[in-house]
Amino acid sequence: DEILRSLAGPPSPPGLAPPGWRVPVDCVRANELCAGEPSCSSRYRTLRQCLAGRDRNTMLANKECQAALEVLQESPLYDCRCKRGMKKELQCLQIYWSIHLGLAEGEEFYEASPYEPVTSRLSDIFRLASIFSGMDPATTSKSNHCLDAAKACNLNDNCKRLRSGYISTCSRELSATEPCSRRKCHKALRQFFDRVPSEFTFRLLFCSCKDPACAERRRQTIVPSCSYEDKDKPNCLDLRGTCRTDHLCRSRLADFHTNCQATFQSLTSCPGDNFQACLGSYAGLIGFDITPNYVDASTTSITISPWCSCKGSGNMEEECEKFLRDFTENPCLRNAIQAFGNGTDVNLSPKNPNPAVTVLPKVEKSPMLPDDVNDSNTAYDTSVISTCTSLQEQGLKPNNSKEQSLCYSEAQLTTDVMPDQKTFMDPKAGSSRHREIRILLLIPILI
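- Under an unreviewed UniProt entry, the name given to the protein is GDNF family receptor alpha-2, and the source organism is Rhagologus leucostigma.
- Its UniProt record gives the protein a comment under Sequence similarities (unreviewed entry), which states: "Belongs to the GDNFR family."
- The annotation that UniProt attaches to the protein under Subcellular location (unreviewed entry) is "Cell membrane".

Here's what the structure looks like:
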């Protein structure tokens, strides 16, 4: 990539687009545009031949291959990307990797994501349907968020249908020696996470828990006995190698590394402080052999890992441990999960005077529980989900649109009915909270 960029000359000054700059198109469309230009299509065929079976240095030493690279650098194919869940996603990814595999220095540890960057934030999900807003700590402490998330899914036709489908597929015993069809289970899980909006899937995957029963429900979200666990744990590098032989799995893994790779150059340890991008990339890994999951039902810490170990790594043990730590000891991923469970998001430029303070709480084995059974002895208050459930019991038909179910938070209802009432505040804590706000607003001025 650096060689191709150097061919284009020095970078343009900040704020100025380079000459001939184009908005990147998806790789399927870029391939069609290239096929319509004789010079591009012939050089693209040459490039494909150059990339086939040659190491990178040999390819770059060939003048014809270099000429093909120069033409490619000027075509839409070089900067093409793919959209998550697009109709021809696999075809798009195959075109992307047919080019970029030859531009990498062998098997790089981290690969760039072939997907378009995520610009949305977690707050977009919270605005649609939030049961984690934490406006009333007394209510939140008594609520089982993972059970609430399952109930919310059941009130949406699309979510309920696809969730029931993968649970049924992943729980179906084939024989005494084969408890399930792992391949069909993975396919059903991929369909669920690709086709159901993230305001439902994220709530199932990243709900916060105060007790082990709730945490076990969260761990059981993906039916780990079929989709995750196996008799023996493979070596993590072998698992990564197998993943990279499949264009879709390779793309999802590269996307995870791009969006969840821990960095100390941001407030949250996430690239661009974008929790949404990291959680979406994590969800995109589910349904492959490299599927990650919670390793236990702990209420005091969150530990995520694929089903693998570094035993038998030989002289590659250090690289294996590094790969595994990107899951097990990843502050970006941990902060993103805790922020979602706590109903908070990074707001770098808040629109209202109340600063959103992200509090990362301490996070908290039983078989999967039905959605109408409480996981613990904690009582439920009149939360969003109980409100929706009571409406359903009274025979009122909830809104089953893809965008959101008929589940509005107290804040949304109050804002709609009383437009002047925009925020909720505990009257007992009002004066101290105002003092805190004044202090926080003065800090930038003092600095």
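## Comments concerning helix α6 (residues 89-100)
Since the α-helix advances by 3.6 residues per turn, residues separated by three or four positions end up pointing in the same direction.
(1) Moving on: If you check α6, its first and last C-alpha atoms are 16 Å apart, about what 12 residues at 1.5 Å a residue would give, namely 16 Å.
(2) Moving on: Across the 12 residues of α6, 9 count as buried, placing the element largely inside the fold.
(3) Moving on: Of all the positions in α6, only Glu89, Cys92, Leu93, Ile95, Tyr96, Trp97, Ser98, Ile99 and His100 are classed as buried.
(4) Moving on: Its buried side turned inward, α6 meets α2 (27-35), α3 (38-51), α5 (63-73) and α16 (247-260).

## Examining the packing of aromatic side chains
(1) Moving on: Under the defined criterion, the tally for this structure stands at 11 aromatic pairs.
(2) Moving on: Between the aromatic rings of Phe192 and Phe193, the centroid separation amounts to 5.0 Å while the plane-to-plane angle is 85 degrees, which identifies the pairing as edge-to-face. Residues Phe192 and Phe193 agree in their burial class; the two are buried.
(3) Moving on: Ring plane angle 70 degrees and centroid distance 5.5 Å describe the contact between Tyr228 and Trp307, whose orientation is recorded as edge-to-face. One end of the pair, Tyr228, is in the loop between α14 (224-227) and α15 (236-243); the other, Trp307, is in the loop between β2 (304-306) and α18 (317-328), and 79 residues separate them in sequence.
(4) Moving on: Judged by its relative accessible area of 5%, Tyr228 is buried.
(5) Moving on: An aromatic cluster is defined as three or more aromatic residues linked by ring pairs; in this entry it consists of Phe202, Phe206, Tyr282 and Phe340.
(6) Moving on: Over the face of the ring belonging to Phe288 we find Arg190, whose NZ or CZ atom lies 5.1 Å from the ring centre.

## Some words on the state of the cysteines
(1) Moving on: Going through the model one piece at a time under the given rule, you end up with 13 disulfides.
(2) Moving on: Between the sulfur atoms of Cys170 and its disulfide mate Cys185 the distance is 2.0 Å. Looking along the S-S bond of the Cys170-Cys185 disulfide, the torsion reads about 95 degrees, which is the right-handed sense. A residue pair is termed long-range when its members are at least 10 positions apart, and Cys170 in helix α10 (residues 157-171) and Cys185 in helix α11 (residues 182-195) qualify at 15 residues.
(3) Moving on: Each sulfur in the disulfide pair Cys243 and Cys249 lies 2.0 Å from the other. Disulfide Cys243 to Cys249: torsion about the S-S bond roughly -110 degrees, handedness left-handed. The pair formed by Cys243 and Cys249 is uniform in burial state, with each residue classed as buried.

Rules behind the numbers
Residues numbered from 1 in each chain as written. Predicted model: local features only at pLDDT ≥ 70, side-chain atom pairs only at ≥ 80, totals over all residues. Heavy atoms only, no water. UniProt positions renumbered as here; feature names shortened; annotations may be inferred. Helix = DSSP H or I, 4+ residues; strand = E, 2+ residues; numbered from the N terminus. Expected span 1.5 Å × (residues − 1). Buried < 20%, exposed > 50% of the residue type's maximum accessible area, 1.4 Å probe, protein only. Contact = heavy atoms within 4.5 Å. Phe/Tyr/Trp six-rings, centres within 6.5 Å; stacked < 30°, edge-to-face > 60°. Lys NZ or Arg CZ within 6 Å of the ring centre and 35° of its normal. Disulfide = S-S within 2.5 Å.

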